[in-house]
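# Notes for the structure review
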Amino acid sequence: MNRARRITLLASSAVAVAVAIALLVALAPGDRPSAAPRPTPDPAVPASRVDISTLVLPFDIYETTPYEVQVIEQAKDRLLGDCMRELGMSWTPLPVLNRSDTEGPHDRRYGLADPGIAARYGYHLPPLTPTRKRLEAVYTDRANLPPRERNAAYGPNGSTGGCWKKADERMFRDAERDQTSLLAGHSAQTFDAARRHPHVSNADKRWSACMKKAGHTYTDSYQALGDPAWGKSKRPTARERAAAVADVRCKQETGFLTTWIRVDREVQNAAVRKNPALFRDLAKARTAQLALAREILRRP
């Protein structure tokens, strides 16, 4: 992965859910999640420290975590390799990632939230683990396959054909793809509903005021996260680390995180209550896909 991409990834991954709203297929009117609950008086929010690594949200039982995505990709890659070997070609498997090699499910949902990461890396991404470096190296090698192997692996278009397509069809049936799209739509829309909730808007204003007192002027937390100044250096500057530390501190002191998490839970629970049958199917689909992936990976 090139350096520019890694520098900007912290900001892009944090807002990926919000950006996805404009990219995902629209849900049918009957499938739309409930809007944010009717605003109630904004309760007083005491300062508190939130450990995002232990955060649990209602949608967690329906969505695959970053680690589970890697498990599914490992299984798909195993099928791809089997196909290549049947064609008489070699295939370097992906290295096996541990949970410590992947992000937690909510690490950047609310922007920067870990004071240790903020103090050490600012808004830059932490360095890759050794296993992730090996993974990047394998992907780089695959991008430079000789024409014959590339055509066999990815088809004439170089991306979604050949053995890749066979493996993908084995891992994902059409019905599962539809359910994945529905879940992505609900996830994006509930995220946006919570983001626009009056209580979260008020929390953003409190955070902004706190940041201004610390000498950093931003209208909201994502503006700080995506400040183009951070991408101009290979390593975090003193100014960047100071802004990042203030960012996390202000989120704690103003109740920013506790407010958004509370609203997130309310909005997601409302969506589940509105479509209980759909979400039961989504939970079953996630369980079945992970079971298939683990079955494939258990094979000798």
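Worth saying up front: this structure is predicted, and the values here are computed from it rather than measured. (Residues numbered from 1 in each chain as written. Predicted model: local features only at pLDDT ≥ 70, side-chain atom pairs only at ≥ 80, totals over all residues. Heavy atoms only, no water.)

For the structure shown, the criterion picks out 2 disulfides. The disulfide that involves Cys210 links it to Cys250, with 2.1 Å between the sulfurs. On the sign convention where negative is left-handed, the bridge of Cys210 and Cys250, at about -75° about the S-S bond, is left-handed. Of this pair, Cys210 sits in helix 9 (residues 198–213) while Cys250 sits in helix 11 (residues 238–253), placing them 40 residues apart in sequence. Taken in N- to C-terminal order, the disulfide-linked cysteines of the protein chain are connected 1-2, 3-4. (Disulfide = S-S within 2.5 Å. Helix = DSSP H or I, 4+ residues; strand = E, 2+ residues; numbered from the N terminus.)

This brings us to helix 7 (residues 162–171). Inspection of helix 7 places Cys163, Ala167, Asp168 and Met171 among the buried residues, and these make up the whole buried set. Along the axis of helix 7, the buried residues cluster in a sector spanning 135°; they form a single face. (Buried < 20%, exposed > 50% of the residue type's maximum accessible area, 1.4 Å probe, protein only. Arc of directions from axis to C-beta.)

The subject of this paragraph is the packing of aromatic side chains. All told, the structure shown has 9 aromatic pairs when counted by the stated rule. Centroid distance Phe256 to Trp260: 5.7 Å. Interplanar angle 80°. Geometry classified as edge-to-face. Pair noted here: Phe256 and Trp260 are both in helix 12 (residues 256–274), with a separation of 4 residues, about one helical turn. As far as burial versus exposure is concerned, Phe256 and Trp260 are alike and both buried. Linked through ring pairs, Tyr110, Phe191, Tyr222, Phe256 and Trp260 together constitute an aromatic cluster. (Phe/Tyr/Trp six-rings, centres within 6.5 Å; stacked < 30°, edge-to-face > 60°.)

So, about the environment of Glu176. Structurally, Glu176 can be placed in helix 8 (residues 174–195). Using a relative accessible area of 9% as the deciding quantity, one classes Glu176 as buried. As for Glu176 and Asp281, which are separated by 105 residues in sequence, their C-alpha atoms are 9.8 Å apart. With sequence-adjacent residues up to four places away left out, Glu176 is seen in contact with Met171 and Gln289. (Contact = heavy atoms within 4.5 Å.)

Honestly, that's just the spatial picture; any functional story needs more than this.
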